[in-house]
Amino acid sequence: MLPGVGVFGTGAITKVLVPILREKGFEIKALWGRTVKEAEEFSSSQNIAFFTNKIDDVLLRKDVDLVFVVCQPFLHAEISVKALGIGKHVVCDKPMSLNQSDAMKMITFSLPAFTHMKRCLHDGMIGPLSEISLIDVRVQLGTIFPDKYDWMCDAAMGGGALNLVGSHVIDLISFLLKQHVVRVHGVVKSYTKSTPGINGIRQISAPDFCNFQMELINGTLITTSIQSHTVPAKTFSQEVLICGSLGHLVVRGGDLFLFKSKGETTQKEEAVYVDVQDLHFATSETLLPRLYIKGLCKMVGALKESFASKESNWIKEPVQAAANFEDGLYVQAVLEAIRKSSETKSWQRVQINSDSPSNHDQIMRFARMSTM
């Protein structure tokens with residue numbers, strides 16, 4: 001039997017996640033919201049019997065064995081550590097994704113195009129990995145801020161393009177090349193100061209634009225541009241270009257293309273993978289990109305496979321391409337370096353500091369325990 005699910009959060013992701021979980025056979029046993037009213041309204045619209053604004057009320061339920069943390073990022077560590085401490089399975093949304101023994105696949109990684117891209121890279125289709133010279137990532141999306149002021153508008157609470165999208169980019173590079181960033185240079189800006197539902201007292205502090213460069217230990221340069229303040233609400237475009245000594249690979253949306261610059265008679269891109277998957281439920285009411293929703297479906301499908309084994313209550317293979325706790329801490333370190341670079345207007349070294357007392361130290365302890 002699949003485990004009962006407790007969900008933390010009532011935002012746009014949760015509105016899409018709950019139907020997907022049910023479609024895959026999971027039962028939603030409990031919902032947490034920031035306020036009782038918020039939790040009650042969401043649970044009523046999604047037909048969830050139990051709701052609360054107290055974290056422990058969800059975690060201590062005996063019928064909740066799997067927890068999805070899709071709320072404000074500043075609460076991710078607290079909820080994850082508590083849940084892991086009492087033996088719950090945890091799937092945590094960006095910027096850190098965790099599981100009881102491994103992090104679940106990031107939604108971006110659940111897209112087949114990136115799996116195929118990684119395979120092409122390691123097969124040397126555009127040259128040796130040591131000769132990858134440049135990676136260029138461009139993401140454009142509609143506004144990330146709601147009409148009413150909430151945590152998405154507050155940089156200190158984890159809102160903004162850098163946290164919500166940049167974290168995926170950082171983790172993606174690690175997934176594709178298995179290398180870490182050594183230094184960064186970034187510009188992080190908040191161009192949108194208010195929305196129609198926000199009064200003049202509480203202004204938006206979260207960034208809707210970030211542009212940053214990252215250098216890997218072997219000298220490979222990654223340039224990234226993420227902006228959400230000049231395009232229509234439902235617009236989404238994504239391009240990841242990787243240049244090697246023999247050509248380039250590029251993911252546009254959910255499709256993968258290959259260009260061979262040497263030894264080929266025709267100088268044109270070749271389609272390696274084309275995403276033709278259709279969604280089986282309505283998505284018109286959400287501003288989440290369809291590409292993102294497809295990745296979410298695949299992630300939940302892999303999670304179902306992990307729990308559906310008759311031999312064990314949990315198997316690792318369906319989520320083998322997963323990050324661990326240390327990877328999550330690494331992403332946080334790169335994000336912090338980018339923010340500091342934007343403040344100082346200079347290149348910054350990436351430093352992973354695990355000595356200071358924090359929730360991250362507790363996460364690291366659980367990481368070590370889970371790998372024993």
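Owing to the predicted nature of the structure, the values given are computational and were not obtained by experimental measurement. (Residues numbered from 1 in each chain as written. Predicted model: local features only at pLDDT ≥ 70, side-chain atom pairs only at ≥ 80, totals over all residues. Heavy atoms only, no water.)

> Mind laying out the packing of helix 5 (residues 112–122) against helix 6 (residues 161–177), listing which residues take part and the relevant values?
In contact at an axis separation of 9 Å, helix 5 and helix 6 are set at 45 degrees when each is read in the N-to-C sense. It follows from the interaxial angle that helix 5 and helix 6 lie oblique. Contacts from F114, M117, K118, L121 and H122 of helix 5 reach helix 6 at L172, F175, L176 and L177. Its residues assigned to classes, the contact of helix 5 with helix 6 shows seven nonpolar, one polar and one charged. (Axes fitted to C-alpha atoms, helices over the stretch in contact; angles between N-to-C directions. Helix = DSSP H or I, 4+ residues; strand = E, 2+ residues; numbered from the N terminus. Parallel < 35°, antiparallel > 145°, perpendicular 65-115°, else oblique. Contact = heavy atoms within 4.5 Å. Nonpolar A, V, L, I, M, F, W, Y, C, P; charged D, E, K, R; others polar.)

> Summarise the sheet that holds strand 4 (residues 66–69); cite the residues concerned and give the values.
Pairing is parallel across the open sheet formed by five strands, whose spatial order is 3-2-1-4-5. The open sheet is flanked by strand 3 (51–52) and strand 5 (89–92), the only strands paired with a single partner. Bridge analysis of strand 1 (residues 5–8) against strand 4 gives four bridges, and the strand direction is parallel. Among the inter-strand pairings, F8 is bridged to a residue of strand 4, identified as V69. Packing of helix 1 (residues 12–23) onto the sheet brings it into contact with strand 1, strand 2 (28–32) and strand 4, and relative to strand 2 it is tilted by some 170 degrees. Here helix 4 (residues 76–85) sits on the sheet and contacts strand 1, strand 4 and strand 5; the angle it forms with strand 5, its principal contact strand, is near 165 degrees. (Pairing = 2+ DSSP bridges.)

> Tell me about the environment of M1, and please be specific about residues and values.
Within the secondary structure layout, M1 lies in the segment before strand 1. Sequence spacing of M1 and F26 is 25 residues, and the spatial spacing of their C-alpha atoms is 9.1 Å.

> Help me get a handle on the confidence of the model for the protein, residues and values and all.
Averaged over all residues, the pLDDT of the protein is 81; the fraction at 70 or higher stands at 77%. Long-range and interchain partners of residues 97–107, a stretch whose pLDDT sits below 50, account for 55 contacts in this model, where long-range means more than four residues apart. Low confidence marks residues 362–372, where pLDDT is under 50. Its contacts with residues over four positions away, or in another chain, come to 16 contacts. (pLDDT = per-residue confidence, 0-100.)

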